[in-house]
Amino acid sequence: MSGGLEDIEQQNQLGSPLLAEQASSFDRYDVAQTTESHHAAKTTDSILNSLVDSATVTSTIVTEDYDHPSSNQGDHDKKKISWVLLSVILFFNASGGPFGVEPSVKAAGNLFTIIGFAVMPILWALPEAYMTYELSSIYPDNSGGMRWVQEAFGEKAGLITGYLGYVAGVTTSASFPVLFVTYVHEQYFSHLSELNWLYRYLSLASLAIALMLVSFRGLQVVGRVSVAIFLITVTPFLLMLIFAIPKIDPSKWLETPSPGQIEHFDDDALEQTGWWPFAYISGISLRPFINNLYWNFNGFDQGGHLSSEDTTTPDILKKGIMGSFFLVSSAYLVPILVATGATDFEQENWNAGAFATAGNEIAGRWLGNWIVVAAGCTLLAQFFTECSLDSLQVLAMADKGFLPSIFRTRSKYDTPTFGLLLALIIILLLLP
């Protein structure tokens with residue numbers, strides 16, 4: 001026994017080769033395990049970092065695609081209207097040229113008319129244009145004013161605004177073919193008798209359908225045709241300015257209203273009574289003068305119908321609205337300054353067609369005839385620009401559920417098919 005115990009003690013003191021070998025094996029195992037764990041941890045970290053990097057890249061791509069969709073960006077940009085075309089489209093919606101300012105000169109004389117058309121853009125048109133840009137940037141929606149009212153006063157008020165705005169736009173459009181045919185007849189075929197009702201209606205309907213086809217082809221075509229008509233419209237007035245420079249007498253701009261009262265206007269403005277107590281102040285016929293100023297500078301809010309992201313961008317919208325503001329303001333003031341300063345027209349002679357007469361006096365009959373043609377072409381551009389924006393409003397109302405979903409249908413030209421068709425039906429019903 002004692003010998004056995006001594007042997008064990010000796011082995012414990014000297015160490016058993018077997019135990020040492022086993023201990024060494026366990027140590028190598030621990031080191032291997034530690035190494036493997038370290039490699040596994042590094043591998044796991046690498047995988048996680050790769051996943052994070054991939055997620056970051058994917059997120060960046062998705063974000064970029066959301067803001068600037070790369071796959072369809074080229075096609076999407078092609079659909080956006082340029083600010084130049086947008087300016088001209090709004091020009092014809094808000095103005096169309098100096099045709100229609102004659103009642104102001106007749107009502108207020110040269111001086112006050114010039115003051116009115118110089119001040120009214122700042123007092124009324126510029127705030128309206130800025131309001132349109134600001135609200136359209138906040139609410140980029142082709143429904144325009146309907147969306148603004150809806151946000152402020154609720155859906156019912158917005159729906160009423162959209163309905164009344166659409167009715168006003170379409171009924172106004174129905175008058176343009178009638179005015180054009182009447183204009184052409186009086187200027188060039190006055191020696192002929194009036195057409196019977198059937199031929200007259202067919203001519204008006206054919207003209208309305210032909211103009212609606214321009215709207216059907218899309219805003220790009222509408223814009224390009226509008227630019228062509230714009231050049232036809234403004235060129236004779238630029239030529240009139242050039243020919244009138246040596247004839248202009250600035251003292252004529254200071255002429256105040258003639259003594260007495262104007263008895264006849266193109267409308268019944270002087271026959272109406274209302275809350276305004278003074279029909280005349282310093283010889284100015286206030287009712288037709290103020291009404292004409294307001295009417296000539298109203299319409300910049302139509303830019304809201306072109307504010308959706310698939311139609312324009314905030315930068316294009318801003319440039320387009322401001323461009324139309326300068327076009328409208330100068331298209332009124334410059335011809336007024338030229339015609340009042342270079343002719344001897346009496347105040348009571350400022351009736352419809354006065355600019356054509358001024359062109360005859362300043363440069364010759366050829367310029368007067370050009371101005372007549374320009375006035376007729378303006379009516380055509382006003383028709384299809386108005387119909388285009390009205391159809392976009394119908395599309396937006398359908399998107400909001402205010403109208404049946406069929407009005408959301410778009411043609412291959414990306415235009416509201418049934419919105420334009422609805423406008424055409426209403427116009428054909430309204431034609432005399």
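About the criteria used
- Residues numbered from 1 in each chain as written.
- Predicted model: local features only at pLDDT ≥ 70, side-chain atom pairs only at ≥ 80, totals over all residues.
- Heavy atoms only, no water.
- Helix = DSSP H or I, 4+ residues; strand = E, 2+ residues; numbered from the N terminus.
- Buried < 20%, exposed > 50% of the residue type's maximum accessible area, 1.4 Å probe, protein only.
- Contact = heavy atoms within 4.5 Å.
- Phe/Tyr/Trp six-rings, centres within 6.5 Å; stacked < 30°, edge-to-face > 60°.
- Salt bridge = Lys/Arg side-chain N within 4 Å of Asp/Glu carboxyl O.
- Patch = residues over 30% accessible without salt bridge, like charges linked within 9 Å, V, L, I, M, F, W, Y side chains within 5 Å.
- Areas by Shrake-Rupley, 256 points an atom, 1.4 Å probe, with all protein chains shown as cover.
- Expected span 1.5 Å × (residues − 1).
- Bend = angle between axes of the 7 residues up to and from the residue.

Q: Could you clarify how one ought to interpret the environment of glycine 97 in this entry?
A: Counting through the fold element by element, glycine 97 comes out in the loop between helix H4 (83–94) and helix H5 (102–138). In this structure glycine 97 comes out as buried when scored by relative accessible area, which is 2%. Considered as a pair, glycine 97 and proline 335 are 238 residues apart in the sequence and their alpha carbons are 9.3 Å apart. Sequence-distant contacts of glycine 97, that is, excluding residues within four places in its chain, are made with Phe91 and Tyr332.

Q: Would you mind going over the packing of aromatic side chains with me for this structure?
A: Aromatic rings in a pair are described by how distant their centres are and how their planes are angled relative to each other. Applying the stated criterion to the full structure yields 14 aromatic pairs. When the centroid spacing of 5.1 Å and the interplanar angle of 75 degrees are considered together, the rings of phenylalanine 91 and phenylalanine 92 count as edge-to-face. With a centroid separation of 5.8 Å and an interplanar angle of 85 degrees, the aromatic rings of phenylalanine 237 and phenylalanine 355 are classed as edge-to-face. Of this pair, phenylalanine 237 sits in helix H9 (residues 219–244) while phenylalanine 355 is found in helix H12 (residues 354–362), placing the two residues 118 residues apart along the sequence. The exposure classification of phenylalanine 237 matches that of phenylalanine 355, with both residues buried. Three or more aromatic residues joined by ring pairs make a cluster, and in this case those are Phe99, Phe237, Phe345, Trp350 and Phe355.

Q: Teacher, can you tell me more about the pattern of salt bridges here?
A: In a structure, side chains of opposite charge can pair up when their charged atoms sit close to one another. In total, this model carries eight salt bridges according to the counting rule given. We note a salt bridge from arginine 408 to aspartate 399, for which the minimum N-O separation is 3.0 Å. When the shortest N-O distance is used, the salt bridge between arginine 410 and aspartate 414 registers 3.3 Å. Classification of aspartate 414 as partly exposed rests on a relative accessible area of 29%. Overlapping salt bridges, with partners in common, bring together Asp141, Arg147, Glu151 and Lys400 in one network.

Q: What am I meant to see in a nonpolar patch on the surface here?
A: A surface patch of nonpolar side chains, amounting to about 460 Å² of accessible area, comprises Ile115, Val119, Leu123, Trp124 and Tyr294. A per-element tally of the nonpolar patch places H5 first, with four residues. Relative to the elements of secondary structure, leucine 123 occurs in helix H5. Classification of leucine 123 by relative accessible area gives exposed; the value is 60%.

Q: I keep staring at H9 and nothing clicks. Help me out?
A: Since there are 3.6 residues in each turn of an α-helix, residues three or four apart along the chain are aligned in direction. The terminal C-alpha atoms of H9 lie 37 Å apart, and with 26 residues this matches the ideal 38 Å at 1.5 Å per residue to within 8%. The largest bend in H9 comes to about 25 degrees, at valine 234, with the proline proline 236 one to four residues further on. Leu219, Val222, Gly223, Ser226, Ile229, Phe230, Thr233, Val234, Pro236, Phe237, Met240 and Ala244 are the residues of H9 that are buried. Its buried side turned inward, H9 meets H4, helix H8 (197–216), helix H11 (314–342), H12 and helix H13 (365–399).

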